[in-house]
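Here is how the chains run, residue by residue.
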Amino acid sequence: MKMGMVIDLEKCIGCRSCMVACKQHNAQPPQTWWNRVFTPGSHRHLTPPALGVEFFLPVHCQHCENAPCEKVCPVGATYHAEDGAVLIDYERCIGCRYCMSACPYGVRQFNWEDPEKAHARSEYQEKYHYGYPEDHRHEGRLVYSPLRPKGIVEKCTFCAQYRDKGELPACVRGCPGKARFVGDLDDPDSDVSRLIKSRNAFTLLPEKGTKPTVFYLPPKAKEV
Amino acid sequence: MSLKMRLGLVFSGALFLVAVAAWIYQLKEGLILTNMQNSYSWGLYISGLAFFVGNAAGGLVLTSSIYLFGVKKLKPLAKLGALTAFANVTAAMLIVLPDIGKPIRLYNMLLHPNWMSPLVWDVIVLNLYAAAAAIYLYILMLPELTGRLGWLAIRVDDPHAFSERWAKRIAPVALLFAIGIHVVTAWIFSTQGARDWWFSPVMAPDFVSVAIAVGTTVVLLAAALAYGTGEKYQEAYRALGLIIFMATCVHLFLMANDLVIHSWYGNAETHRIMDIAWGDFGPAHLFEVAAPLLGAWLLMRPQILGSLPRLLASSALLIAGVFVHRFLIMPAAYNNIPMTMTPFGLPESHWSLPIASGRFLPGMGTFLDQYAYFPSLVEVAILIGIMAYAVFLVLLAIARLPILARENQ
């Protein structure tokens, strides 16, 4: 089993629903976003950089097979789960932020202060809590907690807390265009494997040699 | 103890205590007290690590000069070299602590070390070098551990012969660890394929050369303060000056070599790097080149080595230049977002994906691809305090232990 995701850029409408679903479901503190959707080439989202060229790019952890973040982690807090997802053990991370430098995709986020204080600083409504309410352990290790310990690194888990219950990640369920697919890359007949083969799937920064398990399907030219 | 020594100890000790207080405050509030954020995740503390590791090279230079190359005139400075090495390598380890988000969990490095991580290698080699420097210093002091300090001495038949024999035996081992700390610290950066600015095989040899330059300058500075600039030590100082100048030239050559290759190929990433290194930080780059070169050139001249104020000013110039060099490790790495692409249909465009800052930054958006980092007061206070710790340790050792040659006490 090797978990993989395919994102069809032809179907992505740039609505950022996946961004919001991800942020809410995973109780991300203010200014922390595991998943980002932008308009490549443009400084303003949803504004085409040129007439007729408009597509959107969602980027979160690429769950690389050759993950630099895992290799640099001095304490093995970042690890590959059996299904191929790259996870962080919230109880082991020492917060050295080496992984944040090593990741070429900029997906790793640090808890610069206590999340409760961050809520107050950003003027969130008092006692307002959102997201999956319980701690979650995957293979015995704490990979999700609604209130993060101060001073640790976090990132996309492919929604470990939902996958372990047989449900899909929040971004997949929250996508109105059904642009996201998850499945087993080892199975040549899975949806993801077939899409990758038939639609010229590509990965981000292939020259870095990280071997992402998140694949993108290129958009067709837009009608003007 | 002289009044000057007392004042030095009180002043450096006080600055160190300020740093401890600042660190306790930062432990309570989190790294929000620094000016780092997600897209610029290492700052002054990690620059400080590289700086102190470089300063620790003094021991390496002196032991190798004396025992491998037979430069006997440097022998009176051997203990000072080992002492400044120990002070700086422990300072290097100390400055990492405030950069760690959860220092209480550092025991995980012992329980679950990831042998692939250059940071684990660095912790090992820094500790080995600190131990080697301490043991080496002890062996050198052994013949003079008598009277009041007699209880510190291990019992051997002939302390002088024992010291001489074991110093020779330990020197090559210490030398291995000494080169190790520069190489492995450089590897922490240069193994990161994500950062074009760091991903260069020249970084490790450059760290060694800059360390030989600045580490020797630290010993020269300490020796001039301890012994003065009398005729007796001029020969040794001139030897150090020559080492400093040669190492500085090698360092500037390696750095220029890297910059030429980065800029020559001229793809979008390297354009961006050069815009930062030569553009935004142009004046700082000029300083990191000119200050060590001028300082090293001055430190070769007899009229400079013969005057304490001039020697101190020239050394300070070189050390300041190297400090700026260490600060400049970060900007061209972090202000050049690795996740860039040429969007479909826009071959002229080179677009970077902004990164969520992870913290509230007044007047700034959440998603950043540019960030003008300048260290916060807490970061500066902690760095100065760790520098003061190194000074305090050297002063205290000189006051209490037989570090200096007898006739000068």
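Described in the following lines is the structure provided in the data block. The shown structure was predicted, so the numbers you read here are calculated from the model rather than taken from an experiment.

## Structural notes on the overall build of chain B
The secondary structure content of chain B amounts to 15 helices and four strands. Expected size for 409 residues packed as a compact globule is a radius of gyration near 22 Å; at 22 Å, chain B falls within 12% of this value. Structurally, chain B occupies a C-alpha span of about 80 × 45 × 40 Å along its principal axes. The burial tally for chain B puts 57% of its 409 residues in the buried class. Sequence separation of 24 or more characterises 78% of the internal contacts of chain B that already satisfy a separation of 6 or more.

## What to know about a nonpolar patch on the surface
Side chains of V260(B), I261(B), W264(B) and Y265(B) sit close together on the surface and give an oily, nonpolar patch of about 550 Å² of accessible area. Summarising the element assignment, V260(B) is placed in helix α9 (residues 231-265).

## Notes on the pattern of salt bridges
Under the criterion given, the structure shown has 16 salt bridges over all chains. The partner of E29(B) in a salt bridge is K117(A), and the shortest N-O contact between them spans 3.4 Å. Taken as a pair, E29(B) in helix α1 (residues 3-29) and K117(A) in helix α4 (residues 115-121) lie in two separate chains rather than in one. Residue E29(B) is classed as buried on the basis of its relative accessible area, which comes to 15%. Note that K75(B) and E164(B) form a salt bridge whose closest N and O atoms lie 3.0 Å from each other. Of this pair, K75(B) sits in the loop between α3 (58-68) and α4 (78-96) while E164(B) sits in helix α7 (residues 159-190), placing them 89 residues apart in sequence. A residue is classified by how much of its surface remains accessible, and K75(B), at 30% relative accessible area, is partly exposed. Taking relative accessible area as the criterion, E164(B) reaches 31% and is therefore assigned partly exposed.

## A few points about the packing of aromatic side chains
This model, assessed by the stated rule, comprises 28 aromatic pairs over all chains. When the centroid spacing of 5.6 Å and the interplanar angle of 85° are considered together, the rings of W198(B) and Y334(B) count as edge-to-face. On the criterion of sequence distance, the pair formed by W198(B) in the loop between α7 and α8 (203-227) and Y334(B) in helix α14 (residues 331-334) is long-range, its members being 136 residues apart. The interplanar angle of 5° and the centroid separation of 4.4 Å between the aromatic rings of Y227(B) and Y233(B) together place this pair among those described as stacked. Side by side, Y227(B) and Y233(B) carry an identical accessibility label, which is buried. We note K23(A) situated over the ring of W33(A); from NZ or CZ to the ring centre the distance is 4.5 Å.

## Some details on the interface of chain A and chain B
At the interface, 58 residues of chain A touch 58 residues of chain B. For the pairing of chain A and chain B, the buried interface totals around 4,700 Å² over both sides, and the portion due to carbon and sulfur atoms is 61%. Area buried by chain A at its contact with chain B is led by Q31(A), Y98(A) and W112(A), which between them contribute 17% of it. The interface formed by chain A and chain B contains three salt bridges. Scanning the region where chain A abuts chain B turns up 36 residue pairs in polar contact (both at pLDDT 80 or more). A total of four residues in the side of chain A that touches chain B trace back to one element, the largest contributor, which is helix α3 (residues 98-102) of chain A.

## Let's talk about the side chain of S357(B)
With respect to the helices and strands, the residue S357(B) is situated in the loop between β3 (355-356) and β4 (367-368). Not counting residues within four places of it along the chain, the set of residues in contact with S357(B) comprises Q31(A), W112(A), Q37(B), N38(B), T366(B) and L368(B).

## What to know about the sheet that holds strand β11 (residues 214-217) of chain A
Residue and element names in this part refer to chain A. In space, the three strands of this open sheet follow the order β10-β1-β11, with mixed pairing throughout. On the outer flanks of this sheet lie β10 (180-184) and β11, each paired with one strand and no other. Sheet twist, expressed as the mean angle between neighbouring strand axes with direction ignored, is 25°. Across five bridges, strand β1 (residues 3-8) lies against β10 in antiparallel orientation. Along β10, the bridge assignment pairs M5 with V182.

## Points about the environment of V182(A)
All names here are of chain A. As for its position among the elements, V182 is in strand β10. Of the residues examined, V182 reaches a relative accessible area of 22% and is grouped as partly exposed. Along the primary structure V182 and V192 are separated by 10 residues, whereas in three dimensions their C-alpha atoms are 6.4 Å apart. Here V182 is in contact with M3, G4, M5, L168, P169, V172 and V192, once residues within four sequence places are set aside.

## Things to note about the nonpolar core
Membership of the largest hydrophobic core comes to 188 residues, with the highest contact counts inside it found for W198(B) and Y237(B). Setting aside anything within four residues of it in sequence, one finds W198(B) in contact with S101(A), W42(B), F189(B), S190(B), Q192(B), M203(B), I329(B), M330(B), A333(B) and Y334(B). Formed by eight residues, the second largest nonpolar core is a distinct cluster that contains V6(A), I196(A), F215(A) and L217(A).

## Comments concerning the packing of helix α11 (residues 282-298) of chain B against helix α13 (residues 308-327) of chain B
Residues and elements named next belong to chain B. Between α11 and α13, the least distance of the axes is 7 Å, while the angle of their chain directions is 150°. Considering the angle they form, α11 stands roughly antiparallel to α13. α11 and α13 meet at a crossing whose hand is left-handed. In this structure, α11 uses A284, F287, E288, A291, P292, L294, G295, A296 and L298 to contact α13, whose residues at the interface are S314, L317, L318, A320, G321, V322, V324 and H325.

## Description of helix α2 (residues 44-55) of chain B
Residue and element names in this part refer to chain B. End to end, α2 covers 16 Å across 12 residues, agreeing with the expected 16 Å (1.5 Å per residue, within 8%). α2 sits mainly inside the fold: 12 of its 12 residues count as buried. Among all positions in α2, only L44, Y45, I46, S47, G48, L49, A50, F51, F52, V53, G54 and N55 are buried.

Cut-off values and rules
- Residues numbered from 1 in each chain as written.
- Chains lettered and ligands numbered in written order.
- Predicted model: local features only at pLDDT ≥ 70, side-chain atom pairs only at ≥ 80, totals over all residues.
- Heavy atoms only, no water.
- Helix = DSSP H or I, 4+ residues; strand = E, 2+ residues; numbered from the N terminus.
- Rg over C-alpha atoms; globule rule 2.2 N^0.38 Å.
- Buried < 20%, exposed > 50% of the residue type's maximum accessible area, 1.4 Å probe, protein only.
- Contact = heavy atoms within 4.5 Å.
- Patch = residues over 30% accessible without salt bridge, like charges linked within 9 Å, V, L, I, M, F, W, Y side chains within 5 Å.
- Areas by Shrake-Rupley, 256 points an atom, 1.4 Å probe, with all protein chains shown as cover.
- Salt bridge = Lys/Arg side-chain N within 4 Å of Asp/Glu carboxyl O.
- Phe/Tyr/Trp six-rings, centres within 6.5 Å; stacked < 30°, edge-to-face > 60°.
- Lys NZ or Arg CZ within 6 Å of the ring centre and 35° of its normal.
- Buried area = accessible area lost by both parts, 1.4 Å probe.
- Polar contact = N/O pair within 3.5 Å; in protein donor to acceptor, adjacent residues only side chain to side chain.
- Pairing = 2+ DSSP bridges.
- Axes fitted to C-alpha atoms, helices over the stretch in contact; angles between N-to-C directions.
- Core = buried A, V, L, I, M, F, W, Y, C linked by side-chain atoms within 4.5 Å.
- Parallel < 35°, antiparallel > 145°, perpendicular 65-115°, else oblique.
- Left-handed = near helix turned anticlockwise from the far one by under 90°.
- Expected span 1.5 Å × (residues − 1).

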